[in-house]
Amino acid sequence: MSKLWGGRFTKKTDQLVEEYTASIEFDKELAEEDIQGSLAHVTMLGKQGILSAEDVEQIQDGLHRVLQRIRRGEIEFAIADEDIHMNIEKSLIDDIGPVGGKLHTGRSRNDQVATDMHLYLRKRVVEFVGLLHKLQESLIGQAKENLDTIVPGYTHLQRAQPILFAHHLMAYVSMFGRDIERLQDSYKRINTLPLGAGALAGTTFPIDRHYVAEQLKFDRVYENSLDAVSDRDFIVEFLSHASLIMMHLSRLSEELILWSSTEFRFVELDDAFCTGSSIMPQKKNPDVPELVRGKTGRVYGDLVGLLTVLKSLPLAYNKDMQEDKEGMFDTVKTLQGALQLFAPMIATMKVNKQQMRQAVNQDFSNATDIADFLVGKGLPFRQAHEVIGKTVLYCIENNKYLLDLTLDEFKQFSTLFDDRIYQVLQPEQVVNARNVYGGTATVQVEAAIGRAQEQLEQTAAWVAEYLERSK
Ligand code: ARG
């Protein structure tokens, strides 16, 4: 059978052009959504009296059969049929005969492909919220195990102030919490129906767009037909949210890589998540976080790629827009891979509490607290800062830590010191002194974990509800 659009043409399409313009190799991913959209469309055509009940029934039965055959891998898609939309229409016509050609009444591939993408992405967004939820659960689980683990907190990658390791992990819970919020917020824009926009201007048939929206569980329909077929903002938005998630994962990856190095030895990733070296028998490499760090680049690339495709594109549909898909699929796959691995990798990670404690004992991260102690005695903070700076310098020159100094040594720098400083300098004391909302004191971190757990429950409820809505 010739091309579905072959009427106007007198020559065969050049073979290279056919291959160059076809998208079936990648848009076959949208087969389920394409049929889902077609079923709703044809049902509406029947309700509106645009097609007869018998035609509608035949088309619906045919579409169901085509779907089953696709699922069983029985349909071989053809490049000559260009894309998933025409491949499915062709299969339908092969199955039920010319009546299959009535399916495309009042519709264009332009509003059809946009609809497929919306259906596809809304499911993925809900799945990603679910995966982020799992990762948060793992992080919170580790945080609960490490409420008594003190570790140096860093700025400039230099030891700054001791903190609870739980507090550090909970920072990531907050970051992924924002990612969840962003995805949830994007859902309402993704869940807007383009179908009914036709090629660009609407259609002459008396269609009912809202009825189609209702069947497909869309919250609303696009206001403007040109916008409906030329909008890819929702994909850009998704790629941008995915970029942020990958950026967050890459920061955590970097820390895991550092922490599992011999120089730190703060954590050990489970063997199941590491690989060895083909030449150096002693090695255990953190390949998973390394690859996640690396793959962050391709997700950014997908985002910038699509933004660039869309830049300066005149309204409405242009073939350029076919380039929206591969990057989106690539990002979906990349993000799925990373998130699926991260939750169990965090859950099974061994935390070397002793090594962390040793790092805390052998550094000056309690220096701020004796400065604060002198401030409490009435010394202006700037002067206290200077005094402690000199005290630390003295320690470095004499190979000591602050807790090693005698009271007499302290008093060389300020007569305001008294023996309470030994208490002030204890890491537990240093941590628990930061008893402000959002701070590292144990009670604050416990409260933060409590709030995060409540949030987890809300997220789980959202996922359950929206999985149902986005089927
Ligand atoms: N494969 C096309 C795409 O993904 C479908 C829309 C084609 N529309 C057209 N007017 N050629 O963009």
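Refer to the structure printed above.
For the structure given in this document, a descriptive report is provided here. Remember, predicted model here, so these are calculated numbers, not experimental data.

### Considerations on the side chain of Asn 146
Okay, so step 1: Considering the arrangement of structural elements, one finds Asn 146 in the loop between helix H6 (109–145) and strand S1 (150–155).
Okay, so step 2: Dropping the residues within four chain positions of it, Asn 146 is found in contact with Phe 165, Ala 166, Val 351 and Lys 353.

### Regarding the pairing of S1
Okay, so step 1: Relative to strand S2 (residues 158–164), S1 runs antiparallel, the two sharing six bridges. Following the sheet pairing, Pro 152 is matched in S2 by Pro 162.
Okay, so step 2: Connecting S1 to the next strand, S2, in antiparallel fashion are two residues, including His 156 with a positive phi near 55°.

### Points about a nonpolar patch on the surface
Okay, so step 1: On the surface, Leu 200, Leu 226 and Leu 315 cluster together to form a nonpolar patch covering roughly 270 Å² of accessible area.
Okay, so step 2: Mapped onto the secondary structure, Leu 226 falls in helix H9 (residues 225–230).

### Things to note about helix H15 (residues 381–397)
Okay, so step 1: In a regular helix each residue adds 1.5 Å, so 17 residues correspond to 24 Å; H15 covers 24 Å between its end C-alpha atoms and thus fits that length.
Okay, so step 2: Regarding H15, the residues found buried are Ala 384, Val 387, Ile 388, Thr 391, Val 392, Tyr 394 and Cys 395. Along the axis of H15, the buried positions cluster into a sector of 155°, meaning they face one direction only. Pointing more than 90 degrees away from the buried face of H15 are the exposed residues Arg 382, Ile 396 and Glu 397.
Okay, so step 3: For H15, the secondary structure elements touched by its buried residues are helix H14 (367–376) and helix H16 (407–411).
Okay, so step 4: The positive-phi residue at the C-terminal boundary of H15 is Asn 399, with phi of around 55°.

### Remarks on the site of the ligand
Okay, so step 1: Lining the immediate surroundings of the ligand are Ser 23, Asp 27, Asp 83, His 85, Arg 109, Asn 110, Val 113, Tyr 317, Gln 322 and Lys 325.
Okay, so step 2: At 3.4 Å from a nitrogen atom of the ligand is found a side-chain nitrogen or oxygen belonging to Arg 109.
Okay, so step 3: Asn 110 places a polar side-chain atom, nitrogen or oxygen, 2.9 Å from a nitrogen atom of the ligand.
Okay, so step 4: Taken by itself the ligand offers 340 Å² of open surface, and the protein chains cover 87% of this.
Okay, so step 5: Top element by residues in the shell around the ligand is H6. It accounts for three residues.

### Some points on unusual backbone geometry
Okay, so step 1: Cis geometry marks the peptide bond from Leu 315 to Ala 316, where omega comes out at 0°.
Okay, so step 2: In this fold, Ala 316 is placed in the loop between helix H11 (287–310) and helix H12 (325–347).
Okay, so step 3: Backbone geometry places Lys 217, a non-glycine residue, at a positive phi of 60°.
Okay, so step 4: Along the chain, Lys 217 falls in the loop between helix H8 (209–215) and strand S4 (220–221).
Okay, so step 5: Accessibility expressed as a relative area gives 37% for Lys 217, which makes it partly exposed.
Okay, so step 6: Located in the positive-phi region is Arg 265, a residue other than glycine, with phi close to 50°.

Criteria and thresholds
Residues numbered from 1 in each chain as written. Predicted model: local features only at pLDDT ≥ 70, side-chain atom pairs only at ≥ 80, totals over all residues. Heavy atoms only, no water. Helix = DSSP H or I, 4+ residues; strand = E, 2+ residues; numbered from the N terminus. Contact = heavy atoms within 4.5 Å. Pairing = 2+ DSSP bridges. Patch = residues over 30% accessible without salt bridge, like charges linked within 9 Å, V, L, I, M, F, W, Y side chains within 5 Å. Areas by Shrake-Rupley, 256 points an atom, 1.4 Å probe, with all protein chains shown as cover. Salt bridge = Lys/Arg side-chain N within 4 Å of Asp/Glu carboxyl O. Expected span 1.5 Å × (residues − 1). Buried < 20%, exposed > 50% of the residue type's maximum accessible area, 1.4 Å probe, protein only. Arc of directions from axis to C-beta. Near = heavy atom within 4 Å. Polar contact = N/O pair within 3.5 Å; in protein donor to acceptor, adjacent residues only side chain to side chain.

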